[in-house]
Amino acid sequence: MTSTDLAALHARLPSPLQEIEDDRFTRRGVRLLLKRDDSIHPDLVGNKWRKLAPNLTAAAGRTLLTFGGAYSNHLRATAAAGRLLRLPTVGVVRGDELAGRPLNPSLARCVSDGMRLHFIDRSTYRRKSEPSALEAILRAAGAEDAFMVPEGGSNALAVRGCRALGEELRGRADVVAAACGTGGTFAGLAAGLGPDQRALGIPVLKGGFLTADIERLQREAFGGRRGDWSLDDRFHFGGYARTTPGLDAFAEDFEGRHGVGVERLYVAKLLYGLVALVEEGAFEPGSRVTAVITGAPYDG
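So, a few notes on the structure that sits alongside this text. These figures come from a predicted structure and were not determined experimentally.

### Some points on the sheet that holds strand 6 (residues 147–148)
Part 1 of the argument: The sheet built from four strands is open, its strands ordered 5-4-3-6 with parallel pairing. The outermost strands of the open sheet, each flanked by one partner alone, are strand 5 (115–120) and strand 6.
Part 2 of the argument: Sheet topology places strand 3 (residues 64–68) next to strand 6; two bridges connect them, and they run parallel. Looking across to strand 6, one finds that leucine 65 is bridged to methionine 148.
Part 3 of the argument: Relative to strand 3, helix 4 (residues 73–85) is tilted by about 160°, and along the sheet it contacts strand 3, strand 4 (89–94) and strand 5.

Pasting the structure below:
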């Protein structure tokens, strides 16, 4: 796989920057902008392109194996990349109890894109970073020679790929905010921003572990912590893939106000958090706050 092969996919880079008028921000003297990474590619949406592209190049045509849960955006994006680039893909799915059930729409999409699914029990899945457990997983999946991409796609290659996101926003924002899952996109984003900018992460998982993970990813990618960044852990709404009627209502209202589809698991939590923060006076009047739209609503 070469950069020329990836160029044939016609990714839209740099992604557009869209300013919107939202009275919740304007009455505080704050400008809200959306970094529309959801428009990069119809199948490799948002940060998935930025994280996968360098891994696809490094795979050099080998089978791509990765990990995820039953509703993983990363699994869907990896399967789509395999279809578009004619690469074999294997998805190791958390939960062996799912193997005997009808596939949900997300996993069905993976299969239709050519991904071979391998289901494992949750205990083994938790141990997948242990060398002996990983070796057994790869052997059971018949993929010992595959190029492995971690869960969520976050590794040093992905982090370096996401640095371009921050570089595209230099001089165009004071605060850049992004929802965080495994932290790879945010680690790269923060490293790419200029010295007068700061990055704000909104974790969508609870647990408070992400600071250490982001610092580790930045060490692996750049040799140490990079950028002015912080996390606000208050807006996970119960954890990954958890939503509430209140969050759904907020997302529907935002869509109605601005005509922008709001992905629920990441983007809705990010935007909700920013509205709460601006109402708390967290941003100086005159600030340009940019929200990174890392994904689009799943159409099933």
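### Digging into the sheet that holds strand 1 (residues 17–20)
Adjacent strands of a sheet pair through backbone hydrogen bonds, lying either parallel or antiparallel.
Part 1 of the argument: In spatial order, the strands read 1-2-10-7-8-9; together these six strands make up an open sheet with mixed pairing. In the strand order of this sheet, the two ends are held by strand 1 and strand 9 (229–231), each with one partner. Across the sheet, the mean angle separating the axes of adjacent strands is 25° when strand polarity is ignored.
Part 2 of the argument: Bridge analysis of strand 7 (residues 175–180) against strand 8 (residues 198–203) gives six bridges, and the strand direction is parallel. Within the sheet, the bridge partner assigned to cysteine 180 lies in strand 8 and is proline 203.

### Concerning the nonpolar core
Part 1 of the argument: Counting 34 residues, the largest nonpolar core has Leu200, Leu271, Leu274 and Phe283 as its most contacted members.
Part 2 of the argument: At the level of elements, strand 2 (31–35), strand 7, strand 8, helix 11 (245–258), helix 12 (267–279) and strand 10 (288–292) are the ones that each hand at least two residues to this core.
Part 3 of the argument: Tallying contributions element by element places helix 12 first for this core, with nine residues.
Part 4 of the argument: Formed by 23 residues, the second largest nonpolar core is a distinct cluster that contains Leu169, Ala173, Ala187 and Leu231.

### Thoughts on the packing of helix 4 against helix 5 (residues 105–112)
A pair of packed helices can be characterised by two numbers: the angle between their axes and the separation between those axes.
Part 1 of the argument: In contact at an axis separation of 8 Å, helix 4 and helix 5 are set at 20° when each is read in the N-to-C sense. With respect to their mutual orientation, helix 4 and helix 5 come out roughly parallel. For the element pair helix 4 and helix 5, the recorded crossing hand is left-handed. Contacts between helix 4 and helix 5 pair Leu75, Arg76 and Ala79 from the former with Ser106, Leu107, Arg109 and Cys110 from the latter.
Part 2 of the argument: A per-class count over the contact of helix 4 with helix 5 returns four nonpolar, one polar and two charged.

About the criteria used
Residues numbered from 1 in each chain as written. Predicted model: local features only at pLDDT ≥ 70, side-chain atom pairs only at ≥ 80, totals over all residues. Heavy atoms only, no water. Pairing = 2+ DSSP bridges. Helix = DSSP H or I, 4+ residues; strand = E, 2+ residues; numbered from the N terminus. Contact = heavy atoms within 4.5 Å. Axes fitted to C-alpha atoms, helices over the stretch in contact; angles between N-to-C directions. Core = buried A, V, L, I, M, F, W, Y, C linked by side-chain atoms within 4.5 Å. Buried < 20%, exposed > 50% of the residue type's maximum accessible area, 1.4 Å probe, protein only. Parallel < 35°, antiparallel > 145°, perpendicular 65-115°, else oblique. Left-handed = near helix turned anticlockwise from the far one by under 90°. Nonpolar A, V, L, I, M, F, W, Y, C, P; charged D, E, K, R; others polar.

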